[in-house]
2 protein chains.
Amino acid sequence: MGCWLKRLRDKYQRDCQAVDKLCPRSKAEKIQQREQELLQLAHQLVHEVGLNNVTMEKLVSASPYSKGTIYNHFCSKEDLFVALGVHSMGLCAELMHKAHQFSGSSRERALAVHFAYHLYGLLEPALFMCVLNCKTANVQQKASKARLAQLDKADEDIAQLCDSFFTQGIEDGSLTLEKSQIAAVSFANWACSFGTNLLLQNAASIYAISRLGAANKVLFNVNLVFDGMGWQPLSKDYDYKMSWQKIEQHFADYVEMLN
Amino acid sequence: MGCWLKRLRDKYQRDCQAVDKLCPRSKAEKIQQREQELLQLAHQLVHEVGLNNVTMEKLVSASPYSKGTIYNHFCSKEDLFVALGVHSMGLCAELMHKAHQFSGSSRERALAVHFAYHLYGLLEPALFMCVLNCKTANVQQKASKARLAQLDKADEDIAQLCDSFFTQGIEDGSLTLEKSQIAAVSFANWACSFGTNLLLQNAASIYAISRLGAANKVLFNVNLVFDGMGWQPLSKDYDYKMSWQKIEQHFADYVEMLN
DNA sequence: GTATAAAAATGACGTTTAGTCAAAAGTGAA
DNA sequence: TTCACTTTTGACTAAACGTCATTTTTATAC
């Protein structure tokens, strides 16, 4: 067994004992709690070995439990991945909520959401991929219904949060749009940001991307889409590079974690 | 062994014999040819069982060769996937070349490229995912250098082809852009289209997408980006839904294959 | 045609891993 | 303490990747 596996397990046991001392729990609560702790452990495992080298065996070794007990929590490896996906979407939602609090124009706040999404991808590249993985047919087949319902719920929450940024733009008059079109516009924004982040993460070395130089690609792409929507002020009339920097400061706590 | 495995192998053997009769080949050519035939076989296997159920064992069973011989061609499963990725990007490039021949405005021709990419995703959903998979760190580590070079080459070819559509727009005056910005704009278009297709394929069931209704999502998203670039005529001044239909007719041969 | 050396093909084997299940251990009520 | 029920355990099976000693084929020289 790798020494880091032992280290993970020891830390895990200390954590469990600490939590137990602080608040004695009922049986059901303990099981619920243990699941969260196993997820934390799996999360660390992802950082140690990378998403596609995570195995149930390693999770078993890193935890003080046996294989059977782990399978009581997660009916398959894919079920574990979906649980990790849900877990990481929590962080994503947290960042997006923080974007909501950015003070500026509605377009700037929407830009802050794209920043948040980008930041999420940088902070948790493996889990960003994991969420995509959760959507594939293979994983959908093998994960439990209950787990998939959690995933759908998390998706819906984030979608509604994103919608609210466009609603704000409509309300303050900077964005001219039928309310019925919000869904389509929201999807377009998501798709653009999703594609940009995914490609930057996974294809940075190829010609089409490496030739781009140092300019901020996310900002550039988002500006294209916002301008296409006619969201005032247009990028030719306003310095959104400055906004981006301000947004970066707004997220300073998280940006720090990148190092 | 599944009966379809036997069927695949029998068909493969008939094909080999037929090809051999038509044109006797040198040793090196035979090996080269066999690799192509193995790729065809793997491609069919993907259709039969889905990308993540393709195993080297199944490819061995479906071919008349032994495991060792298969591994002479592909140094790992990941190497096979990269080969499949390169293979499928050939189809993608073919479709994009056809888009180049669409007669219309330069913006309409660029729209045709997005159509081509979308069509590619519909025709080969599994291989579309496979190409993405090829970019992940895991696959990059396990595939052979030679194979990865092929992949980069294919990427570069497609990127340059895409660039040419924007160059046309600049030359006919409908698109105002510095030549130096083509790379950035090209990437933005790719990212948007990539994200849109990927989400439509893998997340169609979730709330944020299922609520969108029947409207053409790719066209909508591409129009946003083109409008953001200021590519004339803007979507408010021109009926691109009509263009989309014309493009669909232009690709009628391929569209037929969807059924 | 035969001998010999090089190249290619073979498939049994070692290893890793997902997932199962009968047996053991634990828990709480009577 | 007993007994019924729940939870945990880890040995086991099957699938799959990749290796390599052995066998077969092919090319060349005589």
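The shown structure was predicted, so the numbers you read here are calculated from the model rather than taken from an experiment.

With that settled, consider the protein's contact with DNA strand C. By nearness alone, 15 residues border DNA strand C, and K77 of chain A together with R34, S66, G68 and T69 of chain B come closest of all. For DNA strand C, the fraction of atoms within 4 Å of the protein that belong to sugar or phosphate moieties is 62%. Side-chain polar atom of Y71 of chain A to a phosphate oxygen of DNA strand C: 3.3 Å apart, as the coordinates give it. Looking at the surface near DNA strand C, the elements that each hand over two or more residues are α3 (56-62), α4 (67-73) and α5 (77-100) of chain A together with α2 (27-49) and α4 (67-73) of chain B. The biggest single contributor to the surface near DNA strand C is α4 of chain B, with three residues. Considering only residue class, the surface near DNA strand C consists of three nonpolar, six polar and six charged.

Quick look at the pattern of salt bridges now. Side-chain pairs of opposite charge can arise whenever the charged atoms involved come near each other. Evaluation of the coordinates by the stated rule reveals 16 salt bridges over all chains. With its nearest N and O atoms 2.8 Å apart, the salt bridge here joins K67 of chain A to E57 of chain A. A residue pair is termed long-range when its members are at least 10 positions apart, and K67 of chain A in helix α4 and E57 of chain A in helix α3 qualify at ten residues. Residue classification places E57 of chain A among the partly exposed positions, given a relative accessible area of 48%. The partner of D227 of chain B in a salt bridge is R107 of chain B, and the shortest N-O contact between them spans 2.9 Å. Of this pair, D227 of chain B sits in helix α12 (residues 217-229) while R107 of chain B sits in helix α6 (residues 106-123), and the two are 120 residues apart along the sequence.

Our focus in this paragraph is the relation of the copies chain A and chain B. After a rotation of 180° and a shift along the axis of 0.0 Å, chain A superposes on chain B with an RMSD of 0.0 Å. Look at the turn and shift together and you get a two-fold axis relating the two. Interface overlap between copies: 100% of the residues of chain A at the interface are likewise at the interface in chain B, consistent with a symmetric, same-surface contact.

Looking now at the UniProt feature "DNA-binding region" (unreviewed entry) in chain A. Under the local residue numbering, the UniProt record ascribes the feature "DNA-binding region" (unreviewed entry) to residues 55-74 of chain A. Here residues 55-74 of chain A is 70% helix and 0% strand, with 13 Å between the C-alpha atoms at its ends.

For the rest of this paragraph, the subject is the packing of helix α12 (residues 217-229) of chain A against helix α10 (residues 182-202) of chain B. The interhelical angle for the contact between α12 of chain A and α10 of chain B, taken along N-to-C directions, is 70°, at an axis separation of 10 Å. By the angle class used here, α12 of chain A and α10 of chain B are roughly perpendicular. For the pair α12 of chain A and α10 of chain B, the contacting residues are K217, F220, N221 and L224 of chain A in the first and A184, V185, F187, A188 and A191 of chain B in the second.

Attention now goes to the protein's contact with DNA strand D. If you check the shell around DNA strand D, you find 14 residues, and the closest are R34 and T69 of chain A together with E57, K67 and K77 of chain B. At a separation of 3.1 Å, a phosphate oxygen of DNA strand D approaches a polar side-chain atom of Y71 of chain B. At a separation of 2.9 Å, a phosphate oxygen of DNA strand D approaches a polar backbone atom of K77 of chain B. Elements represented by at least two residues in the surface near DNA strand D include exactly α4 of chain A together with α3 (56-62), α4 and α5 (77-100) of chain B. Ranked by the residues each element gives to the surface near DNA strand D, the list is headed by α4 of chain A, at three residues.

Let's shift gears to the packing of aromatic side chains. All names here are of chain A. Taken as a whole and judged by the stated rule, the model has 22 aromatic pairs over all chains. Among the aromatic residues, ring-to-ring pairing joins F115, W244, F251 and Y254 into one connected group. Stacked on the ring of Y65, the Lys or Arg R34 has its end atom at 4.9 Å from the ring centre.

Another aspect to go through is the packing of α5 of chain B against helix α9 (residues 145-171) of chain B. All names here are of chain B. The geometry of α5 relative to α9 is characterised by a closest axis approach of 9 Å and an angle of 20° between their N-to-C directions. In this view, α5 runs roughly parallel relative to α9, as classed from their interaxial angle. For α5 against α9, the interelement crossing comes out left-handed. Facing α5, whose interface residues are D79, V82, A83, V86, M89, C92, A93, M96, H97, A99 and H100, α9 presents R147, L148, Q150, L151, A154, D155, I158, L161, C162, S164, F165 and Q168.

Conventions used here
Residues numbered from 1 in each chain as written. Chains lettered and ligands numbered in written order. Predicted model: local features only at pLDDT ≥ 70, side-chain atom pairs only at ≥ 80, totals over all residues. Heavy atoms only, no water. Near = heavy atom within 4 Å. Polar contact = N/O pair within 3.5 Å; in protein donor to acceptor, adjacent residues only side chain to side chain. Helix = DSSP H or I, 4+ residues; strand = E, 2+ residues; numbered from the N terminus. Nonpolar A, V, L, I, M, F, W, Y, C, P; charged D, E, K, R; others polar. Salt bridge = Lys/Arg side-chain N within 4 Å of Asp/Glu carboxyl O. Buried < 20%, exposed > 50% of the residue type's maximum accessible area, 1.4 Å probe, protein only. Least-squares fit on C-alpha atoms with pLDDT ≥ 70 in both. Contact = heavy atoms within 4.5 Å. UniProt positions renumbered as here; feature names shortened; annotations may be inferred. Axes fitted to C-alpha atoms, helices over the stretch in contact; angles between N-to-C directions. Parallel < 35°, antiparallel > 145°, perpendicular 65-115°, else oblique. Phe/Tyr/Trp six-rings, centres within 6.5 Å; stacked < 30°, edge-to-face > 60°. Lys NZ or Arg CZ within 6 Å of the ring centre and 35° of its normal. Left-handed = near helix turned anticlockwise from the far one by under 90°.

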